[in-house]
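Summary of the model geometry
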Amino acid sequence: MRKTFLFSLLILLLSGCKKDKFTTAPQLKYKSANTTTLGRFQTLSLTLSFTDAEGDIANTLTVLKIVKRCPNGSDGSFVQPYTVPSFPAAKNQQGDIIVSYSYNDVNPLCSPRNDTAIFKFVLKDKADHISDTAVSQPIIITN
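Summarised in this report is the structure supplied together with it. (Residues numbered from 1 in each chain as written. Predicted model: local features only at pLDDT ≥ 70, side-chain atom pairs only at ≥ 80, totals over all residues. Heavy atoms only, no water.)

1. Looking at the sheet that holds strand S1 (residues 27-33)
Adjacent strands of a sheet form backbone hydrogen bonds with each other and so pair up, either parallel or antiparallel. Sheet architecture is open: 3 strands sit in the order S1-S3-S6, paired in antiparallel fashion. Unpaired on one side and paired on the other, S1 and strand S6 (93-103) mark the two borders of the sheet. In this sheet, adjacent strand axes meet at a mean angle of 25° when their direction is disregarded. Of the strand pairs in this sheet, strand S3 (residues 42-52) and S6 are connected by 11 bridges, and their pairing is antiparallel. Along S6, the bridge assignment pairs Leu48 with Ile97. (Pairing = 2+ DSSP bridges. Helix = DSSP H or I, 4+ residues; strand = E, 2+ residues; numbered from the N terminus. Axes fitted to C-alpha atoms, helices over the stretch in contact; angles between N-to-C directions.)

Printed below as a string of structure tokens:
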């Protein structure tokens, strides 16, 4: 019984000490935002981290903004690709992507003023592998 317990404990410790593995499909994680309350004429910068085993990230990150008060949940003016700058491909590549938007006085299809929004991100590589969806923390949009 004692040997079984020690063996199980050893396996548990060894499996918990594994390094993060790079995968064929890109891995995308939301890290942070420069603000959680966004007013008019301010800029929102969202930081994401990515990893990819082949280092063949495509140049487009798909971004969707979800606003609670919009009829379909989405502000139609905010479904867009975001261009990722080119960089040399390398095995086991990792890095950060910063996505920035300015909030101005233009009225979108569904006004997000005085509402809360979240941003969803999906990254694709050149072999058409798609990352899991990374989701931002709620961002309060004010007048």
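2. Things to note about the environment of Gly55
Note on placement: Gly55 falls in the loop between S3 and strand S4 (57-67). Given the relative accessible area of 4%, Gly55 is considered buried. Setting aside residues no more than four positions away along its own chain, Gly55 makes contact with Ala89, Ala90 and Gln93. (Buried < 20%, exposed > 50% of the residue type's maximum accessible area, 1.4 Å probe, protein only. Contact = heavy atoms within 4.5 Å.)

3. Digging into the pattern of salt bridges
A side chain with one charge may pair with a side chain of the opposite charge, provided their charged atoms come close. Per the stated rule, a full pass over the model turns up 2 salt bridges. For Asp96, the salt bridge identified is with Lys31, shortest N-O distance 3.1 Å. Residue Asp96 is located in strand S6, and its partner Lys31 is located in strand S1; the two are separated by 65 residues in the primary sequence. Lys31 gets classed as partly exposed once you look at its relative accessible area, which sits at 46%. The closest approach of N and O atoms between Lys124 and Asp128, which form a salt bridge, is 3.3 Å. For Lys124, a relative accessible area of 36% puts it in the partly exposed group. Residue Asp128 is classed as exposed on the basis of its relative accessible area of 52%. (Salt bridge = Lys/Arg side-chain N within 4 Å of Asp/Glu carboxyl O.)

4. Quick word on unusual backbone geometry
With phi around 70°, Phe41 is a residue other than glycine that occupies positive phi space. You can see Phe41 is positioned in the loop between strand S2 (37-38) and S3. Its identity as a non-glycine residue notwithstanding, Asp128 has a phi of 65°, on the positive side. When you line up the elements, Asp128 lands in the loop between strand S7 (115-125) and strand S8 (134-135).

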